[in-house]
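Listed here are the chains, written in short residue letters.
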Amino acid sequence: MTERTMVPIFDGHNDVLYRLHTAQEADKVRLFTQGAPAHWHIDLPRAKRGGFAGGMFAVFTPSPELADASPTKPSIYSINEPLPPALPLDEARVMTIAMASILFDLDRAGVVSLCRTTADIQAAMEKDIIAAIFHIEGAESIDRDLTMLEALHAVGLRSIGPVWSRPNIFGHGVPFRYPSSPDTGPGLTEVGKALVRTCNQMGILVDLSHLNEKGFRDVLALSDAPLVATHSNVHRICPHARNLTHWQLGAIRETGGMVGLNFETSFLSPDGRESADTGLDLMLRHTDELLEWLGEDGVGMGSDFDGASIPDVVEDASGLQRIIEAFRGHGYGDELIEKIAWKNWLAMLEKTIG
Ligand code: ZN
């Protein structure tokens, strides 16, 4: 792959901050810069090799009663298990601050650029520095009065998934359940609705990827921003509760919203199983159908790197151009490829965070 043919990727979701936080190595900047362990998905050398130009960097607090909890691990949250219980505020707060501070350290070291606006992302991409949007996956660290939301926004937070796959004061997540409709529980609470309204006012993107269908309907009814699911796939192909039904895809399109293609094999495979030999053909099938339902402006990448089991054919961030090659081979033109690779995310962020 020559430098000339490399298409930059701006990605909807990764969990590398969680990996960095849980790593033994004390110097997280050095770990990220000099190369993380082989089974990780993102570090600086791999980002450079694969054209990973940036994305939403998630801060995630695991449920402590689940040993080895990781942001997406259907093998641990095995199929049809009940949702883990709600997390205490203090615990989530400690974790959120610790993981955010890793992002601040990476920014200070000039390894990534913590971006507050779309213009910041463009500037970072021009300088070839990884552009990071500070995202929270599961808003357990935020109190009912939303004071923490203000504090986090002031230090750069620009995107929130109100729930991960468990309940909290804002709403209810979807379980890792297959086969299952995403209609698995009650909708947003009153505080959840207030959170969405406040995010709209503050220019914080609301991510629907882990929200159940009733919560999704509540956001549709009250949000004035385009609907976004940063890392989800097509339910008709893989009927997992984490994937989006045609009705949901239609609703997202109506609002001018978008969806990031998730690389997690159990959200790609029609049988809902994790399988390292999942092929690019299946990623193309989901992308084709997302394009059909959302249009060319509504589809991006949502790798779930460092929180998911990724097909061997992609392996990690260094393999991103293999997906680009598959798009080319499948007949997507250069313009469409650039939209899916990064331009659609930047356009969406321009409309939501400014
Ligand atoms: Zn997730």
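Bear in mind the structure is a predicted one, so any value in this text is a computation, not a measurement.

*Asks:* Kindly report on the packing of helix H12 (residues 320–329) against helix H13 (residues 334–352), identifying the contributing residues and their values.
*Replies:* As a packed pair, H12 and H13 sit with axes 10 Å apart at the nearest point and diverge in direction by 145 degrees. At the point where H12 passes H13, the crossing takes the right-handed sense. Here H12 contributes Ile324, Phe327 and Arg328 to the contact with H13, which in turn contributes Asp334, Ile337, Ile340 and Ala341.

*Asks:* Hey, could you go over unusual backbone geometry for me, with residue numbers and the actual values?
*Replies:* Cis rather than trans, the peptide bond between Tyr178 and Pro179 has omega equal to -15 degrees. The residue Pro179 is located in the loop between strand S5 (157–161) and helix H7 (190–202) in this model. Residue Asp304 is not a glycine yet carries a positive backbone phi of 65 degrees. Within the secondary structure, Asp304 sits in the loop between strand S9 (299–301) and H12. Look at Glu315: it is not a glycine, yet its phi comes out positive at around 75 degrees. You can call Glu315 partly exposed: its relative accessible area is 46%.

*Asks:* Explain the nonpolar core to me, using residue names and the numbers behind them.
*Replies:* Of all hydrophobic cores here, the largest spans 109 residues; its most connected members are Phe10, Phe32 and Phe263. A total of nine residues in this core trace back to one element, the largest contributor, which is H13. Beyond its immediate stretch of four places on either side in the chain, Phe32 contacts Val16, Leu20, Ile42, Asp43, Leu44, Pro45, Leu106, Val111, Val112 and Ile130.

*Asks:* Report on the coordination of the zinc ion, specifying residues and quantitative values.
*Replies:* Each donor-metal-donor angle would ideally measure 109.5 degrees in four-coordinate tetrahedral geometry, or 90 or 180 degrees in six-coordinate octahedral geometry. At this site the zinc ion is bound by Glu137 (OE), His210 (NE2) and His231 (NE2), with donor distances of 2.1 to 2.2 Å. Sequence positions of the residues that donate to the zinc ion give the spacing E-x72-H-x20-H. Placement of Glu137 in strand S4 (residues 130–137) and of His210 in the loop between strand S6 (205–206) and helix H8 (213–222) is noted, with a sequence separation of 73 residues between them. Under the relative-accessibility criterion, His210 is labelled buried at 2%.

*Asks:* How would you summarise helix H4 (residues 89–108) if you had to cite specific residues and measurements?
*Replies:* Taking 1.5 Å of rise per residue, 20 residues should cover 28 Å, and H4 covers 28 Å from first to last C-alpha, within 8% of that figure. Within H4 the residues assigned to the buried category are Ala92, Met95, Thr96, Met99, Ala100, Ile102, Leu103 and Leu106. Looking straight down H4, one finds its buried side chains confined to an arc of 140 degrees; they lie on one side. Turned more than 90 degrees off the buried face of H4, the exposed positions are Asp90, Val94, Ile97 and Arg108. Turning to H4, the residues buried within the fold contact helix H1 (16–22), helix H2 (28–34), strand S2 (52–60), strand S3 (112–114), S4 and helix H6 (147–154). One or two residues past the end of H4 sits Gly110, with phi positive at roughly 75 degrees.

*Asks:* Describe the pairing of S4, with residues and values.
*Replies:* For S4, the buried fraction is high: eight of the eight residues fall into the buried class. The two faces of S4 match: Ile130, Ala132, Phe134 and Ile136 on one face and Ala131, Ile133, His135 and Glu137 on the other face are all buried. Of the strand pairs in this sheet, S2 and S4 are connected by seven bridges, and their pairing is parallel. Pairing of Val59 across the sheet is with Ile136, part of S4. With helix H5 (residues 118–126) bridging S3 and the parallel S4, this β-α-β connection has right-handed handedness. Sheet topology note: the S4/S5 ladder contains four bridges and is parallel. Directly across from Ile136, in S5, lies its bridge partner Ile160. Each parallel crossover has a hand, and the one from S4 via H6 to S5 is right-handed.

Rules and cut-offs
- Residues numbered from 1 in each chain as written.
- Predicted model: local features only at pLDDT ≥ 70, side-chain atom pairs only at ≥ 80, totals over all residues.
- Heavy atoms only, no water.
- Axes fitted to C-alpha atoms, helices over the stretch in contact; angles between N-to-C directions.
- Helix = DSSP H or I, 4+ residues; strand = E, 2+ residues; numbered from the N terminus.
- Left-handed = near helix turned anticlockwise from the far one by under 90°.
- Contact = heavy atoms within 4.5 Å.
- Buried < 20%, exposed > 50% of the residue type's maximum accessible area, 1.4 Å probe, protein only.
- Core = buried A, V, L, I, M, F, W, Y, C linked by side-chain atoms within 4.5 Å.
- Donors = N, O, S within 2.8 Å, 3.2 Å for Na, K, Ca; no water.
- Expected span 1.5 Å × (residues − 1).
- Arc of directions from axis to C-beta.
- Pairing = 2+ DSSP bridges.
- Right-handed = clockwise from strand over helix to strand, strands pointing away.

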